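Below are the chains, spelled out letter by letter.
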Amino acid sequence: MNTRSKFDSHLKELKDMLMEMARKSENAIKESINALINQDIDKSNEIIQNDTIIDDLEHEINNKAIILIAKESPVARDLRKIIVALKISSEVERIADNAVNIAKSTVHIGKEKHIKEIVDIPIMMNLALEMLSDSLNAFLSEDVELAKTCAKKDDQVDEMYGKLIKELMGYVQKYSDHINQINQLAFVCRYIERIADHSTNIGEHVIYLVTGERYDLNA
């Protein structure tokens with residue numbers, strides 16, 4: 001195997017590890033919302049405990065990237081590929097952290113009856129998950145236009161976030177005995193908004209990978 005083929009093989013391994021990490025994070029997000037809807041405390045605790053698996057994957061990616069840089073001394077675009085993989089792994093780890101935060105909010109709410117049916121929050125989460133999928137697919141295909149679609153969806157998530165927070169704060173006086181639940185649901189909305197932000201960041205990293213230029217999708 002020549003030097004170029006060897007480098008490409010190692011780079012593919014790095015990308016495969018990153019996508020595995022992303023799949024686990026995406027699954028944690030979906031499970032955390034389902035646990036919130038069903039008030040599944042056991043599943044929530046499981047999500048919290050399993051976060052170390054994703055953390056370990058990030059450490060493996062970091063170590064592999066460092067070794068690849070040290071041994072192969074990549075330049076220009078090849079170096080950008082490694083740097084972007086590291087940046088994206090950091091974003092994915094933070095996305096997984098927000099899944100854990102949602103699970104913790106579910107635990108804090110416990111079995112207390114929901115003040116309203118959990119309908120709008122999953123809709124906002126599905127939009128954030130679409131953003132995550134788009135940004136990761138943009139990374140795999142190095143598609144700048146697909147990466148830019150994240151910004152449009154991020155505006156929709158921000159709009160939903162604002163409406164939901166306003167609605168929840170409107171419940172404070174009506175449901176004064178359920179302040180903890182209202183706060184936790186507001187936190188969940190914030191965590192979803194952050195997931196969307198991290199997905200947008202991934203899109204920005206993809207644009208940097210392809211063009212070599214920094215790009216603010218929220219500008």
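Going by the structure above, here's the rest.
Rules used throughout
Residues numbered from 1 in each chain as written. Predicted model: local features only at pLDDT ≥ 70, side-chain atom pairs only at ≥ 80, totals over all residues. Heavy atoms only, no water. Patch = residues over 30% accessible without salt bridge, like charges linked within 9 Å, V, L, I, M, F, W, Y side chains within 5 Å. Areas by Shrake-Rupley, 256 points an atom, 1.4 Å probe, with all protein chains shown as cover. Salt bridge = Lys/Arg side-chain N within 4 Å of Asp/Glu carboxyl O. Helix = DSSP H or I, 4+ residues; strand = E, 2+ residues; numbered from the N terminus. Buried < 20%, exposed > 50% of the residue type's maximum accessible area, 1.4 Å probe, protein only. Phe/Tyr/Trp six-rings, centres within 6.5 Å; stacked < 30°, edge-to-face > 60°. Lys NZ or Arg CZ within 6 Å of the ring centre and 35° of its normal. Axes fitted to C-alpha atoms, helices over the stretch in contact; angles between N-to-C directions. Parallel < 35°, antiparallel > 145°, perpendicular 65-115°, else oblique. Left-handed = near helix turned anticlockwise from the far one by under 90°.

> Mind showing me how you'd approach a nonpolar patch on the surface here?
Taken together, the side chains of Met169, Val172 and Ile179 present a nonpolar region at the surface, about 210 Å² in accessible area. By the element assignment, methionine 169 lies in helix α5 (residues 144–169).

> Honestly, the pattern of salt bridges in this entry has me stumped. Any pointers?
When their charged atoms lie close together, side chains carrying opposite charge are able to pair. Under the counting rule described, the total for this entry stands at 13 salt bridges. Salt-bridge contacts for lysine 12 lead to aspartate 16; the nearest nitrogen and oxygen are separated by 2.8 Å. Here the residue lysine 12 and the residue aspartate 16 both occupy positions in helix α1 (residues 3–38), the gap between them amounting to four residues, near one helical turn. For the salt bridge of arginine 190 with glutamate 193, the shortest nitrogen-to-oxygen distance reads 2.3 Å. Of this pair, arginine 190 and glutamate 193 are both found in helix α6 (residues 179–211), three residues apart, which corresponds to roughly one turn of the helix. Taking the relative accessible area as the measure of exposure, arginine 190 reaches 37% and is therefore partly exposed.

> Even after reading the chapter, I still don't get the packing of aromatic side chains, so can you show me in this structure?
Two aromatic rings, taken as a pair, are described by how far apart their centres are and by the angle between their planes. Per the counting criterion, the structure on display carries two aromatic pairs. Between the aromatic rings of tyrosine 171 and tyrosine 175, the centroid separation amounts to 5.6 Å while the plane-to-plane angle is 75°, which identifies the pairing as edge-to-face. Between the NZ or CZ atom of lysine 15 and the centre of the ring of phenylalanine 139, over which it lies, the distance is 5.2 Å. Above the face of the tyrosine 208 ring, arginine 80 is positioned so that its terminal group lies 5.9 Å from the ring centre.

> What is the right way to read the packing of helix α2 (residues 41–72) against helix α3 (residues 76–109) from this model?
When two helices pack together, their arrangement is given by the angle between the helix axes and by the axis-to-axis distance. The N-to-C vectors of α2 and α3 enclose an angle of 170°; their axes lie 9 Å apart at closest approach. When the axes of α2 and α3 are compared, the pair comes out roughly antiparallel. Every pair of crossing elements has a handedness; the one defined by α2 and α3 is left-handed.

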